[in-house]
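# Fold and contact review
Spelled out, the chains give:
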Amino acid sequence: MAANSERLRDYTRKVWIAAGVAAATVAILATLWFGFEILLMVFVGLLLALAFSLPAGWLCRHSFLSRRWALLVVLLVISGLLAAFSVNFAFSIGQQFEQLAETLPGSLVELKTMLSQWPMGSQIIEWISENPSPDANLSSWSTRVSTVFSTTFGALLNVVVVVFIGLFIAFDPGIYRAGLIKLITPAHREDAAVVLEAIKHKLAWWLLGRLASMTAVGLLAGVGLWALGIPMALSLGLLAALLSFIPYLGPLFSAVPALLVAFSVDSTAMLHVAVLYTGVQTLESYLVTPFIQREAVSIPPGLLLIVQVWLGLVAGLLGMLVAEPLIVLGMILVQRVYVKDWLERQDPPVEQAPEPTAGGDVRR
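Residues numbered from 1 in each chain as written. Predicted model: local features only at pLDDT ≥ 70, side-chain atom pairs only at ≥ 80, totals over all residues. Heavy atoms only, no water.

Time to look at the overall build of the protein. In terms of helices and strands, the protein carries 13 helices and two strands. Within the protein, buried positions represent 29% of all 364 residues. Summing over all exposed atoms, the protein offers an accessible surface of approximately 24400 Å²; the carbon and sulfur share of this is 72%. (Helix = DSSP H or I, 4+ residues; strand = E, 2+ residues; numbered from the N terminus. Buried < 20%, exposed > 50% of the residue type's maximum accessible area, 1.4 Å probe, protein only. Areas by Shrake-Rupley, 256 points an atom, 1.4 Å probe, with all protein chains shown as cover.)

See below:
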């Protein structure tokens with residue numbers, strides 16, 4: 001009777017353990033499903049904190065400043081550069097739009113004449129002329145503008161949240177690192193610290209690689225625009241460098257203001273700028289970025305494309321932005337945790353069979 005009671009208690013305990021594991025699994029999956037974008041925002045905040053910490057650490061090592069004062073200096077320099085760029089770009093683009101408004105009617109006539117000479121130009125002109133007038137679409141355009149405004153406001157709010165996450169972590173990263181390690185069992189805390197250091201090292205190299213790629217894009221675009229005689233060459237080159245961080249869509253976003261500025265000059269300049277940006281994007285995609293990734297962090301192109309498409313479908317632009325660093329993070333966790341700490345411990349090395357000597361003895 002006592003044996004049956006013991007078996008029943010043991011069975012009940014196993015049932016409760018299985019139910020607890022199932023409930024925890026469901027809770028984790030639900031958190032990942034409903035809070036996936038929030039987790040991505042936290043990850044972007046961690047990347048931003050690392051981006052702030054790298055120059056701050058260098059300045060702290062090469063000056064008399066403490067780490068927090070060095071970080072404050074870095075933040076002030078970055079804020080000043082962004083403010084100067086924004087003011088200069090807004091003032092210059094305003095002047096160019098005024099010039100564009102003056103030259104737009106004549107340029108449109110010239111563009112229509114040029115299109116009519118192309119094989120498909122007459123069909124394009126016919127399609128444009130068949131479009132309804134702006135007054136007929138006023139209500140639909142107002143709805144679209146309100147939708148864009150609400151979307152932009154939400155995106156700006158997300159940016160503010162990410163910036164504050166990065167600042168809080170950058171000013172005191174030790175407390176977050178110590179809290180994360182305390183969640184690990186004491187027997188594996190040392191291994192967890194090694195994995196965290198490896199993640200920091202690889203992500204730092206990835207950030208440096210992206211910075212080098214953005215610099216190359218900005219130089220190519222800026223020098224090319226200057227050689228073509230396009231106004232605002234420096235500002236447009238800086239904008240191309242900043243937006244090249246966004247995969248696929250970034251080059252399109254940076255090409256629009258450059259094409260508008262070139263269109264204020266003449267239609268031929270716009271065509272030259274289109275060719276320039278196509279060439280810069282081709283060089284960046286097939287030469288600059290693969291070379292830098294091979295030197296810094298090697299990511300298989302097929303894997304990168306698959307993850308970018310998947311995250312783009314799940315989380316939109318934010319998912320595409322963090323695809324590369326998430327791959328770097330996943331590769332480190334697979335190599336350090338799954339392969340090294342799990343597979344190698346599950347499969348101990350096989351001992352080699354002893355080799356017989358010439359005399360028939362067995363050599364150990």
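A full pass over the atoms with the stated rule returns one salt bridge. Between aspartate 172 and arginine 68 there is a salt bridge, with its nearest N and O atoms 3.9 Å apart. A residue pair is termed long-range when its members are at least 10 positions apart, and aspartate 172 in the loop between helix H5 (138–171) and helix H6 (173–182) and arginine 68 in helix H3 (residues 67–116) qualify at 104 residues. Looking at aspartate 172, the relative accessible area reads 32%, which means it is partly exposed. (Salt bridge = Lys/Arg side-chain N within 4 Å of Asp/Glu carboxyl O.)

Residues lying three or four places apart along an α-helix face the same way, a consequence of the helix completing one turn every 3.6 residues. Counted at 1.5 Å a residue, the expected span for helix H11 (residues 301–315) with its 15 residues is 21 Å, and the 20 Å between its end C-alpha atoms agrees. For H11, the full list of buried residues reads Leu304, Val307, Gln308, Leu311, Gly312 and Ala315. An end-on view of H11 places all buried positions within 130 degrees of arc, on one side of the element. Among the exposed residues of H11, those pointing more than 90 degrees away from its buried face are Ile306, Trp310 and Leu313. (Expected span 1.5 Å × (residues − 1). Arc of directions from axis to C-beta.)

On to the packing of helix H2 (residues 36–61) against H11, then. Relative orientation of the contacting elements H2 and H11 amounts to 120 degrees, with a least axis distance of 10 Å. Put simply, H2 runs oblique to H11. Between H2 and H11 the crossing geometry is left-handed. Contacts from Phe36, Glu37 and Leu40 in H2 reach Leu311, Val314 and Ala315 in H11. (Axes fitted to C-alpha atoms, helices over the stretch in contact; angles between N-to-C directions. Parallel < 35°, antiparallel > 145°, perpendicular 65-115°, else oblique. Left-handed = near helix turned anticlockwise from the far one by under 90°. Contact = heavy atoms within 4.5 Å.)

The subject of this paragraph is the packing of H2 against helix H7 (residues 189–228). Running from amino to carboxyl end, H2 crosses H7 at an angle of 80 degrees, the nearest separation of the two axes being 10 Å. The angle between H2 and H7 places the two elements in the roughly perpendicular class. Contacts from Leu47, Leu50, Ala51 and Leu54 of H2 reach H7 at Lys200, Leu203, Ala204, Trp206 and Leu207. When its residues are assigned to classes, the contact of H2 with H7 shows eight nonpolar, no polar and one charged. (Nonpolar A, V, L, I, M, F, W, Y, C, P; charged D, E, K, R; others polar.)

Time to look at the nonpolar core. Ranked by internal contacts, the top residues of the largest apolar core, which has 22 residues, are Ile199, Leu203 and Val328. Of all the secondary structure elements, the ones that give two or more residues to this core are H2, H7, H11 and helix H13 (323–346). Per-element tally for this core: the top contributor is H7, with seven residues. When near neighbours in sequence (up to four residues on either side) are disregarded, leucine 203 contacts Leu47, Leu50, Pro325 and Val328. Ranked by size, the runner-up nonpolar core spans 17 residues in total, among them Ile230, Met232, Ala255 and Val280. (Core = buried A, V, L, I, M, F, W, Y, C linked by side-chain atoms within 4.5 Å.)

So, on to the environment of isoleucine 246. Relative to the elements of secondary structure, isoleucine 246 occurs in the loop between helix H8 (233–243) and helix H9 (249–265). Given the relative accessible area of 15%, isoleucine 246 is considered buried. The spacing of isoleucine 246 and leucine 318 is 72 residues in sequence and 9.2 Å in space, taken between C-alpha atoms.

Enumeration according to the criterion identifies two aromatic pairs in this entry. Their ring planes at 45 degrees and their centres at 6.0 Å tell us that phenylalanine 164 and phenylalanine 168 sit as a pair that is tilted. Taken together, the positions of phenylalanine 164 and phenylalanine 168, both in helix H5 and four residues apart, correspond to about one turn of that helix. For phenylalanine 168, a relative accessible area of 54% translates into the label exposed. For the pair tryptophan 206 and phenylalanine 245, a centre-to-centre distance of 6.1 Å together with 70 degrees between the ring planes defines the contact as edge-to-face. Of this pair, tryptophan 206 sits in helix H7 while phenylalanine 245 sits in the loop between H8 and H9, placing them 39 residues apart in sequence. Its relative accessible area of 29% is what places phenylalanine 245 among the partly exposed residues. (Phe/Tyr/Trp six-rings, centres within 6.5 Å; stacked < 30°, edge-to-face > 60°.)

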